[in-house]
Structure formats: structure tokens, C-alpha cells
Amino acid sequence: MYVWTPRAFQTGETGCGPETTTPKVPRAPPCPGARRPLTSSAERGGGGRRSLHVRTAAGRMAVIRCFAALRAAPGLWRWAAGTAAGTQGRRSSRGYTVSPAQSSPTFGFLLDIDGVLVRGHKVIPSALEAFRRLVNSQGQLRVPVVFVTNAGNILQDGKARELTALLGVKVDPDQVILSHSPLKLFSKYHRKRMLVSGQGPVVENARSLGFENVVTVDMLRMAFPVLDMVDLERRPKSTPLSRTDFPAIEGVLLLGEPVRWETNLQLIMDVLLSNGNPGTGLATAPYPHLPVLASNMDLLWMAEAKMPRMGHGTFLLCLEAIYRKVTGKELRYEGLMGKPSILTYQYAENLIRRQAEKRGWAAPIQKLYAVGDNPMSDVYGANLFHQHLQKAKREGPGDLQKQQPSTTQSCTSILVCTGVYSPQAAGSTQPAPGGEQTPFHGHRDFDFSPELMQASHVVRDVNEAVQLVLHKEGWAL
């Protein structure tokens, strides 16, 4: 890990020595208002040459099923081939010489949104300065950029419009990855009748992912009014006749935290325990239960409030605890999407490649720089993907890489101090005094691996992160 500041660059003392495979615990300059790392997501792995450590058999199967879904949809990973050679160096309007490498970049950015670019609906000032450095005199990006967020309660094009308005830079929908975007690859379930949970445009989101037959929790509640009994005001005043014409539910799709948790938890449990027929009752709950696909496992996230807010990971924790208490068994997932899932980073890698090809940049993208505010999702995910890339180098490409060979050689994690992370809590991954363990906010299926939470670089904000990368790549600031 290296701490880097613009002053270090100006004096020629960058503090960025040779890269190491075992970075030390992050240290950073004071960052007012930053918080300690609190959120987390799915896949956990060891450092160095060790493979991904998954806590339970169910967790291992969820990972295997994710990659099986990809192998079933190879066409989605076939992108166009690269174009011709680069151009000669030229003089820009800012007065510095642009080298051939600058006209055809070999690196790209994966940018988190909440806590890096925005806090709630307010743009972070450093984000505006960062994008002034990333665009040319025509307002076009100088390098490929993809926005990778664990949010999911918004449409992809809506998020692109929101970022365009906040950043003052044109952002296309295919530059945005929501937590559930990789579910487009799970074609096996696209024609099944799925109960979808979340808020906002859940039906539109589900259909944009390829799911053709979805039922919302509200639709299910209206069909079976006696199921939702917590809110006294919404209880039926009389007992309606039982529905016998309602088609069976064939799976559950969890796209994000819902508004009425008690209703969603109750009806999802009813569907799982009844094998998709909530109007009936079964003497014994079926197991394995109906397939469950989930995205965004962040326990907590950062908005305008001083303290973090509960995320979809908290909702999943509630559902898992209820299911285990009622049945004595573990809730199983067919797929877990969002950072730090390797699948999410592979999806982002392909969007970076497509963006470079669309712009006519001939050189292959070899380096990715992932900028985030959350050690337990952004840093963990980037480091896990970097580990995956190194393993592919040593052992050769797997089935997925054979379908679409990867040119990416590295994924470098950069941690900023404008969101979840606080430098005062830099040692929080170590055991607490008195032998107490620091609480682990990751998903229950995956082990805690503190070495993957150690960022390659820690900087104050996204503007410093961009300056760091441009300097490392030999590009003008």
C-alpha cells in the first residue's frame, strides 16, 4: 500500500515504490467526516496463491452456479475484435504533447459511485475536478471509465442520466453497472415465473435483465390478502375466498432493499415454504427450496447521514436468519451478484473493452484501476479479481476465458476517504484489544480474509486517485 498526495508528485517524491504482492495495512492523511469500514458483500478469498475460501457448501455451490450460468451464455461474452494501430503524437490545446500511448490508452477506471463521486444526491467536489482531468477539450473521456455500483433500485439509463447531470460529463447507460446487471447472464431462469423484491422500477429492471414473467410482492399480496398481517391497517376486514387460479411461483429474485421489510420477508418465506404456492400449506417445507437469485450484499452504506445506513445485505441477513430458525436449514442462493463478486468485475472488464473498441482505441486494455470507499467490497473485490487474473496467468484460461480471451493483466485497488473508510480505523482489520475479533460484515457464505481488504493505494479523494493513476501511466495531469 502506498499513500500518495499531489504535493508528492509536484516535488517528485511520489512514495509509489515497486508494487508488492503483500501490501501493508493502509495509512492515509486525515479525512474529515470519513467513517470506519462497515459494509461488505459476497466472495471472500485468501491472498497470494491461495484460492477463494468459501465458508459453506451452499456458498461454494452458489459460486459454481454463477460460472455455470456464464458457460451457458457464451454469446454475451463475445465482443468485437480490436482495431488498427495507434496514431502519432500530437499537440493538445493545453500545450502538452500527447504521446501515442495517450491517444490509445492501455488502462481504464472502475469507479464506485456512493462515497466516491456522490453522497446521497450531492456530488463530492473532488469528483468534478477528477473528471476535468479525465476529459479532453471536446468533452470526451481520455480513457475508458465504467461506473460500478452496488445500488440497484434504479434503471440503468436513469443512473446514467443522474451521473451526467451531477458530473457534467456525458455518461452512457453501457458505462453503468448496477449490482444486478450480471443477472443478464442467468438465462436459465429468464422464462421462469419469478417473485421479485425491491423498490423503484423493479418490474422494468427485471425485464431489462431478461426475466420475462415476474410477480411483484404487491401483486402477490393483492392475490392473497390474508398473508400480510403485520400492519393492522392493511389487514383484510373479512376473509376473502382462496385463489386457486394463481400460477405457481418458480423462483425468487432479490434486486435490492424493499420498503416494507415485514411484508417482503413474510411473503418470500411463504413462497419458499409452499414451493411457490403461497395459498396452500405443506406439512414439510421442500428442500432444496426454489431458486433464489440476489444482488447487493452490502450490509451498510454511506449517504448524507453521519452514520451508515442499512443496505440490502441487512435484509438478506434477516431472511437467512428467519429461514434457518423456521426450517433448521440454510437458505441457498443460485447466484450472488454485486461487488466483490468476481463475476461483477469480469462484466465490468468486458464493458471497458467494448468502450475502448467503440472509441477506436487500438491498444488492448491491460490495467484496471478500481476506486472505491469501502474496504469490504470495493477493495476486496478489486484485489480478489486481481488474484483471479494472476491465477489465470499461472494456470491458463478457464472455459470462460477461452470464449473471450482477456487482455487484462492487473486490477489495482485504490481506497478513498470520502465515504465509508476512515484512516483512523486503518487497523480495524486486526484483532481488537483483549483478543476480541473485529465484527465481520461480509456475507455468511464467505470467510473473512483481511489481506484482501488492504488497498494498493490510499488517497484522500477521487481526484487524487485520478492524479495518481495518470502519473503512474505517464499521462499529463
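Cut-offs applied
- Along each chain, residue indices are assigned from 1 in the same order as the chain's sequence is written.
- Local features in this predicted model are restricted to residues whose pLDDT is 70 or higher, and side-chain atom pairs enter the listing and the counts only when it is 80 or higher, whereas totals over whole chains, interfaces and linings include all residues.
- Working from all heavy atoms in the structure, the side-chain values ignore hydrogens and water.
- Confidence of the predictor in every single residue is expressed as pLDDT, which spans 0 to 100.
- In this description, contact between two residues means that some pair of their heavy atoms is separated by no more than 4.5 Å.
- Each Phe, Tyr or Trp ring (for Trp, its six-membered ring) is paired with any other whose centre lies within 6.5 Å, and the angle between the two planes then decides the class: stacked below 30 degrees, edge-to-face above 60, tilted in between.
- Each residue gets one of three labels from its accessible area relative to the maximum for its type: buried under 20%, exposed over 50%, partly exposed in between, using a 1.4 Å probe on protein chains only.
- Per the convention used, a helix needs a DSSP run of H or I reaching at least four residues, while a strand needs a run of E reaching at least two, with both numbered from the N terminus.
- We count a charge as sitting over a ring when the NZ of a lysine or the CZ of an arginine lies within 6 Å of the ring centre and within 35 degrees of the ring normal.
- To estimate how far a helix should extend, the number of its residues minus one is multiplied by 1.5 Å.
- In this description, strands pair whenever DSSP reports at least two bridges between them.
- The path from the first strand over the helix to the second decides the hand: if it runs clockwise while the strands point away from the viewer, the crossover is right-handed.
- To define axes, lines are fitted to C-alpha atoms, for helices over the stretch in contact only, and angles between the resulting N-to-C directions are given on a 0 to 180 degree scale.
- The rule for a salt bridge is simple: a side-chain nitrogen of Lys or Arg has to be within 4 Å of a carboxyl oxygen of Asp or Glu.
- Within this scheme, the nonpolar core is defined by two criteria: the residues are buried Ala, Val, Leu, Ile, Met, Phe, Trp, Tyr or Cys, and they are joined through side-chain atoms within 4.5 Å.
- Any angle that falls under 35 degrees is termed roughly parallel, while one over 145 is termed roughly antiparallel, one within 65 to 115 roughly perpendicular, and all others oblique.
- The term polar contact refers here to a pair of N or O atoms within 3.5 Å; inside protein, the definition further demands a hydrogen-donor-capable atom paired with an acceptor-capable atom, and it admits residues adjacent in sequence only when both atoms are side-chain atoms.

Novice: Would you take a moment to explain the confidence of the model for the protein chain for this structure?
Specialist: Detail in the predicted coordinates should be disregarded across regions flagged by low pLDDT. Summary statistics for the protein chain give a mean pLDDT of 80 and a share of 74% for residues scoring 70 or more. This model gives residues 32-53 a pLDDT under 50, and the stretch forms 109 contacts once residues within four places in sequence are excluded. Confidence drops under pLDDT 50 across residues 426-432; counting only partners more than four residues distant or on other chains, this segment forms 17 contacts.

Novice: How do you make sense of the packing of aromatic side chains when you look at a structure like this?
Specialist: Note on aromatic pairs: each is described by the distance of the centres and the angle between the planes. On inspection of all chains with the given rule, the structure shows eight aromatic pairs. When the centroid spacing of 6.2 Å and the interplanar angle of 75° are considered together, the rings of F107 and F109 count as edge-to-face. Accessibility classification places F107 together with F109 in one group, the buried group. Ring centres of Y345 and F385 lie 5.9 Å apart, and the angle between their planes is 25°; this geometry places the pair in the stacked category. A residue pair is termed long-range when its members are at least 10 positions apart, and Y345 in helix α10 (residues 342-358) and F385 in helix α11 (residues 375-395) qualify at 40 residues. Residue classification places Y345 among the buried residues on the basis of a relative accessible area of 3%. The aromatic ring of F246 is capped on one face by R193, whose charged end is 4.9 Å from the ring centroid. For K329, the ring lying beneath its charged end belongs to Y287, and the centroid distance is 5.6 Å.

Novice: Just checking my understanding: could you explain helix α5 (residues 156-167) for this structure?
Specialist: What sets the pattern is the α-helix's 3.6 residues per turn: residues three or four places apart point alike. For α5, built from twelve residues, the straight-helix expectation of 16 Å at 1.5 Å per residue is met to within 8% by its first-to-last C-alpha distance of 16 Å. Listed in full, the buried residues belonging to α5 are G158, K159, A160, L163 and L167. Lining the buried residues of α5 we find β6 (122-123), α4 (125-134), β7 (145-148) and β8 (176-177). Count one or two residues on from α5 and you reach G168, which has phi positive near 75°.

Novice: What exactly am I supposed to notice about the pairing of β7 here?
Specialist: Sheet faces and side chains relate simply in a regular strand, where the side chains alternate between the two faces. Covered by surrounding structure in β7 are V145 and F147 together with V146 and V148, the residues of both alternating faces. Here three bridges tie strand β4 (residues 107-111) to β7, and the two strands are oriented parallel to one another. Counted as the bridge partner of L110 is V146 from β7. Note that β7 and β8 share two bridges and pair parallel. Across the sheet, residue F147 finds its bridge partner in β8, namely V176. On the question of chirality, the crossover connecting β7 to the parallel β8 by way of α5 is right-handed.

Novice: Explain the sheet that holds strand β9 (residues 193-197) to me, please; I cannot follow it from the model alone.
Specialist: Within a sheet, adjacent strands bond to each other through the backbone by hydrogen bonds, running parallel or antiparallel. Spatially, β10-β9-β11-β12-β15 is the arrangement adopted by the five strands of the open sheet, whose pairing is parallel. Each edge of the sheet is formed by a strand with only one pairing partner; in this case those strands are β10 (213-216) and β15 (335-337). When the angles between neighbouring strand axes are averaged without regard to direction, this sheet yields 20°. In the packing of helix α8 (residues 261-273) onto the sheet, the strands contacted are β9, β11 (251-254) and β12 (292-295), and the crossing angle to β9 comes to about 160°.

Novice: How should I be thinking about the pattern of salt bridges in this particular structure?
Specialist: For side chains bearing opposite charge, pairing can occur when the charged atoms are close. As enumerated under the stated definition, the model contains 18 salt bridges in all. We note a salt bridge from R133 to E129, for which the minimum N-O separation is 3.7 Å. With R133 and E129 both in helix α4, this residue pair falls four residues apart, about one helical turn. Taking relative accessible area as the criterion, E129 reaches 27% and is therefore assigned partly exposed. Ionic pairing is found between D228 and R234, a salt bridge with its closest N-O pair at 2.7 Å. Owing to a relative accessible area of 2%, D228 belongs among the buried residues under this scheme. It is possible to trace a salt-bridge network through shared partners that takes in D218, R221, D228 and R234.

Novice: Hey, could you run me through the nonpolar core in this one?
Specialist: Proteins that are soluble and globular tend to have nonpolar side chains buried together. L110, V146, L183, F186, F211, L253 and L293 are the most contacted members of the largest nonpolar core, which has 41 residues in total. Where this core is concerned, the elements lending two or more residues are β7, β9, α6 (202-208), α10, β16 (367-372) and α11. For this core, the element with the most residues is α10, which contributes eight residues. Sequence-distant contacts of L110, defined by excluding residues within four places in its chain, comprise V146, V148, Y345, A348, I352, L368, Y369, A370 and V371.

Novice: Would you take a moment to explain the packing of α10 against α11 for this structure?
Specialist: A pair of packed helices can be characterised by two numbers: the angle between their axes and the separation between those axes. Orientation of α10 relative to α11, taken along the N-to-C sense of each, is 75°, at an axis distance of 9 Å. Classified by the interaxial angle, the pair formed by α10 and α11 is roughly perpendicular. Only S377, D378, G381, A382, L384, F385 and H388 of α11 make contact with α10, whose side of the interface consists of I342, Y345, Q346 and E349.

Novice: Could you clarify how one ought to interpret the pairing of strand β17 (residues 410-415) in this entry?
Specialist: Taken across its six residues, β17 has six buried, putting it largely inside the fold. Residues S410, T412 and I414 of β17 are buried on one face, and the alternating residues C411, S413 and L415, pointing to the opposite face, are buried as well. Of the pairings in the sheet, the one linking β16 to β17 comprises six bridges and is parallel in character. Residue pairing in the sheet places K367 in a bridge with S410 of β17. Here β17 pairs with strand β18 (residues 457-458) via two bridges, running parallel. What sits directly across from I414, in β18, is H457.

Novice: How should the side chain of H443 be read in this particular structure?
Specialist: In this fold, H443 is placed in the loop between β17 and β18. In this structure H443 comes out as buried when scored by relative accessible area, which is 6%. One polar contact links H443 to E320, side chain to side chain, over a distance of 2.7 Å.

Novice: What exactly am I supposed to notice about unusual backbone geometry here?
Specialist: Negative phi is the rule for most residues except glycine; trans is the rule for most peptide bonds. In this model, Y287 is joined to P288 through a cis peptide bond whose omega is 5°. Topologically, P288 is positioned in the loop between α8 and β12. Each neighbour pair has its own omega, and for K339 with P340 the value is 10°, a cis peptide bond. Position of P340 among the secondary structure elements: in the loop between β15 and α10.

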